Amino acid sequence: MHKLHHGNAQVFRVAISVPVFRLFDYLPPENSRAEFARPGVRLEVPFGKGNKIGFLVEISESSELDSSQLKRIVRILDDRPLISAKDLKLLHWASAYYHHPLGDVISTAFPAGLRQGKPATVQTEKCYTLTALGKTIAIDLLNRSPKQKSVLEKLRYPDVSLSASERATWCKSVRPVLKQLIDKQLIQIESAINATIQPSTLIKQAALPGNSQQQAAINAVCASLGRFDVFLLEGVTGSGKTEVYMQIIHAVLKRGQQVLVLLPEITLTPQLEERFRQRFAVNLTVSHSKLTDMQRQSAWLVMQQGTCSIMLGTRSTLFTPLKNPGLIILDEEHDASFKQQEGFRFSARDVAVMRGKLLSIPVLLGSATPSLESLYNIENKRYRLLQLPERAGRALAPTLQLLDIRNKRMQEGLSEPLIIEIQRTLAKQEQVLLFLNRRGFAPTLICHGCGWTARCQRCDANLVIHYDENLLRCHHCGREQRMLNQCPACKTGALTPLGLGTERVEKMLAEFFADKVIVRLDRDSTQRKGTLENFLEQINQGQVDIILGTQMLAKGHHFPNVTLVVILDADSGLFSIDFHASEKLAQLIVQVSGRAGRAEKPGRVILQTRRPEHPLLTTLITQGYKQFAKQALAERKEANLPPFSYQALLRAQAVDAETPQWFLHAISQLAREYCRPGTQILGPVSAPMARRAGLYRFQLLFQNTKRQELHALLDWLMPKIEQLKQSRKVRWSLDVDPVDLY
Ligand code: ADP
Ligand code: ZN
Ligand code: ZN
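In this numbering scheme, every chain counts its residues from 1 along its sequence in written order. In the order they appear in the text, chains get letters beginning with A and ligands get numbers beginning with 1. Residues qualify for local features only when their pLDDT is at least 70, as the model is predicted, and side-chain atom pairs are given and counted only at 80 or more; totals for whole chains, interfaces and linings, by contrast, use all residues. Excluded from the side-chain calculation are hydrogens and water; included are all heavy atoms of the structure.

A. Quick peek at the sheet that holds strand E34 (residues 695-704). The 4 strands are arranged E33-E34-E32-E35 in an open sheet whose pairing can be described as antiparallel. A single partner strand is all that each edge strand has here, and the edge strands are strand E33 (680-692) and strand E35 (731-736). Averaged over all adjacent pairs, the angle separating strand axes in this sheet is 20 degrees, with direction ignored. Criterion used throughout: strands pair if DSSP finds at least two bridges between them. The secondary structure listing takes helices from DSSP runs of H or I that are at least 4 residues long and strands from runs of E that are at least 2 residues long, numbered from the N terminus. With 9 bridges joining them, strand E32 (residues 646-654) and E34 adopt antiparallel strand pairing. Note on E34: the bridge partner recorded for Ala648 is Phe702. All axes are obtained by fitting lines to C-alpha atoms, using only the stretch in contact for helices, and the reported angles, taken between N-to-C directions, cover 0 to 180 degrees.

B. Highlighting the coordination of the zinc ion (ligand 2). The donor definition counts N, O and S atoms within 2.8 Å of each metal and applies 3.2 Å to Na, K and Ca; water is not among these atoms, so some sites may look incomplete. Summarising the metal site, the zinc ion (ligand 2) is bound by the protein donors Cys447 (SG), Cys450 (SG), Cys487 (SG) and Cys490 (SG), whose distances to it range over 2.2 to 2.4 Å. Between 85 and 135 degrees for all angles marks four donors as tetrahedral; over 155 degrees for opposite donors together with 65 to 115 for all other angles marks four donors as square planar and six as octahedral; every other arrangement is irregular. Classification of the site at the zinc ion (ligand 2) rests on its 4 donor atoms, whose angles at the metal span 108 to 112 degrees, yielding the label tetrahedral. Donor residues for the zinc ion (ligand 2) sit on one chain with the sequence pattern C-x2-C-x36-C-x2-C. Taken together, the residues span a long stretch of sequence, with Cys447 in strand E23 (residues 444-447) and Cys487 in the loop between strand E26 (480-482) and strand E27 (495-498) at a distance of 40 residues. Summarising the burial analysis for this pair, Cys447 and Cys487 share the class buried. Partly exposed describes any residue whose relative accessible area lies between the buried limit of under 20% and the exposed limit of over 50%, with all areas from a 1.4 Å probe on protein chains only and scaled to the type maximum.

C. The arrangement of the site of ligand 1 in detail. Residues are classed as near a molecule or strand on a simple rule: at least one heavy atom within 4 Å of it. Taken together, 16 residues form the shell around ligand 1, and within it Gln214, Gly238, Lys241, Thr242 and Arg275 come nearest. For this analysis, a polar contact is any N or O atom pair within 3.5 Å, provided that within protein one partner can donate a hydrogen and the other can accept it, and provided that sequence-adjacent residues contribute only side-chain to side-chain pairs. Take Gln214: an N or O atom from its side chain is 2.7 Å from a nitrogen atom of ligand 1. At a separation of 2.7 Å, an oxygen atom of ligand 1 approaches a polar side-chain atom of Arg275. The fraction of the free accessible surface of ligand 1 (550 Å²) that becomes covered by protein chains is 74%. In these tables, accessible area is a Shrake-Rupley quantity obtained with a 1.4 Å probe, and a residue counts as shielded only by the protein chains included in the view.

D. Region of interest: the sheet that holds strand E8 (residues 75-76). Strand order across the open sheet formed by 6 strands is E7-E3-E2-E5-E4-E8, with mixed pairing between neighbours. Each end of this open sheet is capped by a strand with a single partner; those strands are strand E7 (71-72) and E8. Pairing of strand E2 (residues 11-16) with strand E3 (residues 24-27), which is carried by 3 bridges, proceeds in the antiparallel orientation. Bridging across to E3, Phe12 finds its partner in Tyr26. Together, E2 and strand E5 (50-60) form the strand contacts of helix H2 (residues 102-109), whose direction differs from that of E2 by roughly 70 degrees. A contact between two residues is defined here by any heavy atoms of the two lying within 4.5 Å.

E. Just the pattern of salt bridges, in detail. The salt bridge definition used is simple: a Lys or Arg side-chain nitrogen within 4 Å of an Asp or Glu carboxyl oxygen. Scanning the entire structure with this criterion turns up 35 salt bridges. Between Asp735 and Lys339 there is a salt bridge whose closest N-O contact spans 2.7 Å. Highlighted residues: Asp735 in strand E35 and Lys339 in the loop between strand E16 (325-331) and helix H12 (348-359), separated in sequence by 396 residues. Across this residue pair, the class does not change: Asp735 and Lys339 are buried. Where Asp468 meets Lys507, a salt bridge forms, and the shortest distance between an N and an O atom there is 2.8 Å. Linking Asp468 in the loop between strand E24 (464-466) and strand E25 (471-473) with Lys507 in helix H15 (residues 502-512), this pair joins segments that are 39 residues apart in sequence. Its relative accessible area of 34% is what places Lys507 among the partly exposed residues. Salt bridges sharing partners connect three or more residues here, namely Arg439, Glu469, Arg473, Glu480 and Asp524.

F. Just the coordination of the zinc ion (ligand 3), in detail. Looking at the zinc ion (ligand 3), the protein donor atoms are Cys456 (SG), Cys459 (SG), Cys474 (SG) and Cys477 (SG), and they sit 2.2 to 2.4 Å from it. Residue classification places Cys456 among the buried residues on the basis of a relative accessible area of 5%. Accessibility expressed as a relative area gives 2% for Cys459, which makes it buried.

G. A look at H12. A helix is expected to reach a length of 1.5 Å times the quantity of its residues less one. The end-to-end C-alpha distance of H12 is 16 Å, a good match for the 16 Å that 12 residues give at a rise of 1.5 Å each. The elements touched by buried residues of H12 are helix H1 (85-98), strand E12 (229-235), strand E13 (258-262), E16, strand E17 (362-367) and helix H13 (372-379). The first or second residue beyond H12 is Ser360, which carries a positive phi of 55 degrees.

H. Up close: the packing of aromatic side chains. Whether two aromatic rings pair depends on their centres lying within 6.5 Å, for rings of Phe, Tyr and Trp, where Trp uses its six-membered ring; planes under 30 degrees apart make the pair stacked, over 60 edge-to-face, and the rest tilted. Tallied over the full model, the rule gives 17 aromatic pairs. With a centroid separation of 4.8 Å and 85 degrees between ring planes, the pair formed by Tyr97 and Tyr98 is classed as edge-to-face. In terms of burial, Tyr97 and Tyr98 fall into one category: buried. Put simply, the rings of Trp93, Tyr97, Tyr98, Phe319, Phe344 and Phe346 touch in pairs and so form one group of aromatic residues. The criterion is that NZ of a Lys, or CZ of an Arg, lies within 6 Å of the ring centre and within 35 degrees of the ring normal, and then a charge sits over that ring. Against the face of Trp716 rests Lys720, its NZ or CZ located 4.2 Å from the ring centre.

I. View of the nonpolar core. Within the largest apolar cluster, 115 residues are counted, with the highest numbers of intra-cluster contacts made by Phe110, Phe319, Leu521, Ile547, Ile667 and Phe702. With 9 residues, helix H18 (residues 615-638) is the single largest residue contributor to this core. As used in this record, nonpolar core signifies buried Ala, Val, Leu, Ile, Met, Phe, Trp, Tyr and Cys residues forming a set joined through side-chain atoms within 4.5 Å. Within the second largest apolar cluster, 32 residues are counted, among which are Val244, Ile249, Val252 and Leu386.

J. Structural detail: helix H19 (residues 658-673). Across its 16 residues, H19 extends 23 Å between first and last C-alpha, which sits within 8% of the 22 Å expected from 1.5 Å per residue. For H19, the complete set of buried residues consists of Thr659, Pro660, Phe663, Leu664, Ala666, Ile667, Ser668, Leu670 and Ala671. Where H19 is buried, its residues meet E32, E33, E34, helix H20 (707-723) and E35.

K. Structural view of the side chain of Thr131. Relative to the assigned elements, Thr131 resides in the loop between strand E9 (127-130) and helix H4 (132-136). The class for Thr131 is buried, based on a relative accessible area of 13%. At 2.9 Å, the side chain of Thr131 forms a polar contact with the backbone oxygen of Leu186. When near neighbours in sequence (up to four residues on either side) are disregarded, Thr131 contacts Gln185, Leu186, Ile187 and Gln188.

See the structure below:
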């Protein structure tokens, strides 16, 4: 350690978003009152050939380097840190827990613009307000332009103005409508929302009177406001969870505090946003991947400044700073999208719980199909269970039924009895929803003559047939080639598609139900912006008879006129080697089932299977998700699998197969030298998909029934891994609490 010689000289220790675990030392910038800089402020520092943005971690009086070797900070970007000391502590914790470099972790907490050093300014948006004429004109004069009428009506709610980012939620293709209203001098553009003014009232629409279970849930959480507690709100789709959230949020607002609501990307729909906007008069902001960087930065900053009270956001908004934190809600807590699968691999659910603890606020998790981890945390009394066992209002729960398709005549995946059921439902003018979790036409192209199959050259995977585009496409690396007409191996055999994808089922349905309207919802059919919204609108207006889709259908959307839900292939997922698969399958089945009969019409769910005795399916059908979860937890306990043990997965990949194996082998050797036994070291083995995008993939799994022991080993191991000379020749990553072993 070199003490610095000059009187009060200081060393700034800086975290920079680069893939190394250490901090970097700098001298304070010239001519600045550096002593006022606080941990968390952004700094511009010379790094390599250019400059980078870093974050001040601490100010020290000494450095391991001699001061002559230290470079000077170029400038300090913030007068005060944009994140609080407690949140900074959270980021330190997350860096240590996930064994991920601090610079990258802190970086993740900031929106892209701020991360790149842009000034912390909120974008002022154009916004539309009523003119004097617009306020007074008889609304019926617009009867012949219903869209204009509806926008004008909405603007007449007290305290309402329409900002550019909200526009889309008001009605479809609202731009021309606004233009027409401006031309009629009914509305005007005002320069900017003054986001510093919070409306005087909190809500503009009264809450629904809660049923007794809803009330109990609301009371329990409200009694914990102001201190840390974790709740799990378990309720089937349609049981009134969102209503419970909104009433608790109201209580938080009354305390002058803010709420962060985290949701999976697909459930963060304009409809949900609209529901919140209808209820609450306070400023509300939304943040997800479809917004611009500037919009996300503005959303982040208005929460940080406290001028906005509610944020609806996806995983990446978990770290949004809150001036007056009051509550974190995480809906669909079982959803895999809450785990970041690349870079800083954190679980938004687990970090949210830790954040609640550090901020001394309650955390509310919600799901119809809670994760086994959360149910286990209920069992060991770390979380508190709140239940909504019935559907709210008059909706009835759907009935589930297994349809044994062994030896049944099948037409493109549909058995005869199923076709009859579909016909009956359609005859009653009700909608049918078909679920198949595989897009494309067919997952395999095979030669009938010699057995050749179309494989991806860069992955251990078949190419999927996309007939509409006349392509073969790899769903793992995205590689495409033209559809083949001739077998490249034997040149004579006929090429036939094998297996089922949504495109293929759609074609069959179109032939079979020629007079019906069919909509396919999957990633291919909804690629263009706005198509999904259009489809959903058509469905809800009853213009669609049959809805076919992938797991895009499983969440969030309300299809009140659907009375028959069909899971075409309930067996896929029963035989995966990943122990998480059965939990995910059960959740998916229940979630898809939840689409049926949401209104007064009772729904039915039919699952086609060739394994009607499979315990997972029978338990789920006859005894429900809770009982399934109980059995699955018992099996996990028996096998010492999470949540009864803790795992960390080290992945490595390279262009050849040897290097990642050597690398992982060296690490497993090292780990065996570690003096405290107890951690199982499994591997190295090749990944379930051994090659992907041209890289060979291997993995090494660590498992221990004691979390602390596992982490002690990782703490010891990580610096050593960095120093291994093979570590530079492979791409490697550590995944703590992996949810996907692939
Ligand atoms: P979830 O979030 O669990 O799917 P929602 O909160 O969206 O459930 O409620 C489902 C439907 O029931 C909504 O249309 C909602 O307005 C209605 N609802 C919820 N709570 C009540 C209640 N206490 N009384 C009447 N209707 C309710
Ligand atoms: Zn062939
Ligand atoms: Zn591929």
